[in-house]
Amino acid sequence: MRNIIQTLFLVAALSLGNTLTAQADEFTKEDLDIWQKEFMAVVAVGRTAFTDPNLGTNGVVCAQCHPNGANTHPETYPKFQKQIGRVITLPEMINWCIRNPLEGKPMALDDPKMVAMQAYITHERRNVKLAPGKH
Amino acid sequence: MSIINRRTLLKTGGTFVAGACLPLTNIRLAFADQSQDFTFAYISDSHIQHIKGTKFVRNWDQGLKRAVAEANLMSPKPDFVMYGGDLAQLGTREELDHGFEIMSALKHKTHYVMGEHDYYADLGEYWSSQVGKQYYSFDHKGVHIIVLNSILTDDHWTHERWANGTERMGVMAGLDDPRGSPFMVGAAQRKWLANDLKDISKDTPIIVFSHSPLQKLFKNWNFWTDDAELVQAILQPFDSVTVFYGHVHQIQYNQIGNITFHSVMATAWPWPYPESYAQAENHMPHLTVPINRADPFFERDATGWQYVDINSGKATVKFSLTENEPRTVSYDAKRGHPVDTKYVSRSKPPQNHY
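Keep in mind the model is a prediction, meaning the values are calculated, not measured. (Residues numbered from 1 in each chain as written. Chains lettered and ligands numbered in written order. Predicted model: local features only at pLDDT ≥ 70, side-chain atom pairs only at ≥ 80, totals over all residues.)

*Asks:* Can you break down the overall build of chain B residue by residue, with the values?
*Replies:* Summing up its helical and strand segments, chain B has ten helices and 15 strands in all. Across the 354 residues in chain B, those meeting the buried criterion constitute 47%. Sequence-distant contacts, at least 24 apart, represent 71% of the contacts inside chain B between residues at least 6 apart. (Helix = DSSP H or I, 4+ residues; strand = E, 2+ residues; numbered from the N terminus. Buried ≥ 20, exposed ≤ 12 C-beta atoms within 10 Å, placed from the backbone. Contact = placed C-beta atoms within 7 Å.)

*Asks:* If you had to explain the overall build of chain A to someone new, which residues and values would you point to?
*Replies:* Within chain A, the secondary structure is distributed over five helices and two strands. When the helices and strands of chain A are placed in sequence order, the string is α-α-α-β-β-α-α. In chain A, which comprises 135 residues, the share counted as buried stands at 29%.

*Asks:* Lay out the sheet that holds strand β11 (residues 259–263) of chain B in plain terms, naming residues and giving numbers.
*Replies:* Residue and element names in this part refer to chain B. The strand order across the open sheet formed by six strands is β6-β7-β8-β9-β11-β10, and the pairing between neighbours is mixed. If you trace the sheet from one side to the other, it starts and ends with β6 (136–140) and β10 (253–256), each paired once. The sheet shows a mean angle of 20° between the axes of neighbouring strands, taken without regard to direction. (Pairing = 2+ DSSP bridges. Axes fitted to C-alpha atoms, helices over the stretch in contact; angles between N-to-C directions.)

*Asks:* Which residues make up the environment of Gln215(B), and what are the values?
*Replies:* Turning to its location among the elements, Gln215(B) is positioned in the loop between β8 (206–210) and α10 (228–235). Each C-alpha atom of the pair Gln215(B) and His283(B) lies 9.7 Å from the other, and the pair is 68 residues apart in sequence.

*Asks:* Please provide a residue-by-residue account of α10(B), values included.
*Replies:* Residue and element names in this part refer to chain B. Buried within α10 are the following residues: Ala228, Val231 and Leu235. Along the axis of α10, the buried residues cluster in a sector spanning 70°; they form a single face. Residues of α10 that are buried make contact with α9 (187–197), β8, β9 (241–245) and β11. (Arc of directions from axis to C-beta.)

*Asks:* Provide a residue-level description of the packing of helix α2 (residues 29–50) of chain A against helix α5 (residues 112–124) of chain A, including the pertinent values.
*Replies:* All names here are of chain A. The geometry of α2 relative to α5 is characterised by a closest axis approach of 7 Å and an angle of 100° between their N-to-C directions. Classified by the interaxial angle, the pair formed by α2 and α5 is roughly perpendicular. Counted together, Phe39, Val42, Val43, Val45, Gly46, Arg47, Ala49 and Phe50 of α2 and Lys113, Val115, Ala116, Met117, Ala119, Tyr120 and His123 of α5 form the full contact between these two elements. Split into classes, the residues belonging to the contact of α2 with α5 amount to eleven nonpolar, two polar and two charged. (Parallel < 35°, antiparallel > 145°, perpendicular 65-115°, else oblique. Nonpolar A, V, L, I, M, F, W, Y, C, P; charged D, E, K, R; others polar.)

*Asks:* Provide a residue-level description of the pairing of β6(B), including the pertinent values.
*Replies:* Residue and element names in this part refer to chain B. Bridge analysis of β6 against strand β7 (residues 143–147) gives five bridges, and the strand direction is antiparallel. Bridging from a neighbouring strand, Ser137 pairs with Ile146 of β7. Here β6 folds back onto β7 in antiparallel fashion, the turn holding two residues, of which Lys141 has a positive phi close to 45°.

*Asks:* Please set out the sheet that holds strand β5 (residues 110–112) of chain B residue by residue, giving values where relevant.
*Replies:* All names here are of chain B. The seven strands are arranged β5-β4-β1-β12-β13-β14-β15 in an open sheet whose pairing can be described as mixed. The open sheet has two free edges, formed respectively by β5 and β15 (337–340), since each of these has just one partner strand. On average, adjacent strands in this sheet sit at an angle of 20° to one another, irrespective of strand direction. With five bridges joining them, strand β1 (residues 38–43) and strand β12 (residues 304–311) adopt antiparallel strand pairing. Following the sheet pairing, Tyr42 is matched in β12 by Gln306.

*Asks:* Give a detailed account of the confidence of the model for chain B, specifying residues and quantitative values.
*Replies:* All names here are of chain B. The predicted model of chain B has a mean per-residue pLDDT of 90, with 89% of residues at 70 or higher. pLDDT under 50 marks residues 1–27. Its contacts with residues more than four places away, or in other chains, come to 38 contacts. Across the interfaces of the predicted complex, the ipTM metric reaches 0.88, alongside a pTM of 0.88. (pLDDT = per-residue confidence, 0-100.)

*Asks:* Quick rundown of the interface of chain B and chain A? Include the residues and the values.
*Replies:* Taken together, the contact pairs 20 residues of chain B with 21 residues of chain A. Across the side of chain B that touches chain A, the residue classes break down as twelve nonpolar, six polar and two charged.

*Asks:* How would you summarise the packing of α9(B) against α10(B) if you had to cite specific residues and measurements?
*Replies:* All names here are of chain B. Two elements in contact, α9 and α10, have axes whose closest approach is 10 Å; the angle formed by their N-to-C orientations is 10°. Comparing the axis directions of α9 and α10 gives the class roughly parallel. Contacts between α9 and α10 involve Arg190, Leu193, Ala194 and Leu197 from the former and Leu230, Val231 and Ile234 from the latter.

Quick look at the structure:
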């Protein structure tokens, strides 16, 4: 009974909200600015990880082979990677690089640093056409 | 070259390399003296990287060791070996010493070019104490050979901006670090160059070695020398000039007037071509047929060394690539510029692997 009352209250609150504020899909410039700022802050974290000699164990950094994240071709993922033997996503390939040239430990796929590295890589490759699976 | 062929090369050693070294040029002049022809080996960009104590990054060590071992197998022997710069990654004494030790296994006379990774920790002091002059010239079999230090930059950036040499080196070591500064040969060396060439006859073939390209290709990654036009203007009056440079970790070649440009490969790791960075303009030579993007599964993919035949003062560059088919870029007298002898145009790509 208590749950039902709570639910009714919530529905009422949402209806009221809809009448007073903009629809969810009408983004204001302020919204866009905030979200872009959030995104670029994460891109910056990704760039830091990409140039961090402590990401692996031997001091090698991602940017040594991938200046500006080049030759990571994020637009082609998911794709079949010969060295792994199945279709994989970009973060799995990032972990391959961390394990091999960087001689480090792989990260969890939802590790905020892993998300940030993808934000950086894809931002540097922005406006390039998607080409999933391409070799 | 497949892995199996590469193993065959290593097993059969001298015999195989001797076959590969036979002069391949199509431009020997009818009146030229064959005894003036020569071959040199070119090893570059090993980026020996210190971890701590006696530990170094294994991958980069292996690239240089392999190039040294293969260059030692060359038969007939090359007249000399040129090292193209960036022996070290962060210019420390440990890295340079370890690199020189690996290089000391070479059985041939070796000359060195200064790279930015050898220089910016202590402004070349330790490198110079071990190698000698940072720019110099010598004559070899009728060719005038010049080595330049092309990775200098302006005094303010060099002396005023950074707390210490380690910080300065760290910034310059990041190819894409926006706090870096464009390379230059500089006024003092340009004056030395003009003076060095003063009494050389215009029909003497000239070979110039620099670390950065003496042309402006892609500023974002310092595939660039800021006073390139001024250096080219000093060289342009000579009938035949060939410039060799490292730094770019990929095959590039170009022709500007009388000057032929060739890059050399790194033994450490490959770099993507500038066109793969979608956010900045590049001026890559249209002549260059690129090599395939590297496949990281193969540690040595798109790395290697090269040997160069000089016939009548013109170069045939043979790229010895550990995990890729060998490539040959040779001056084509009919076209008046260098061409890849197998992949003449981009319409016939060297590999189709993405």
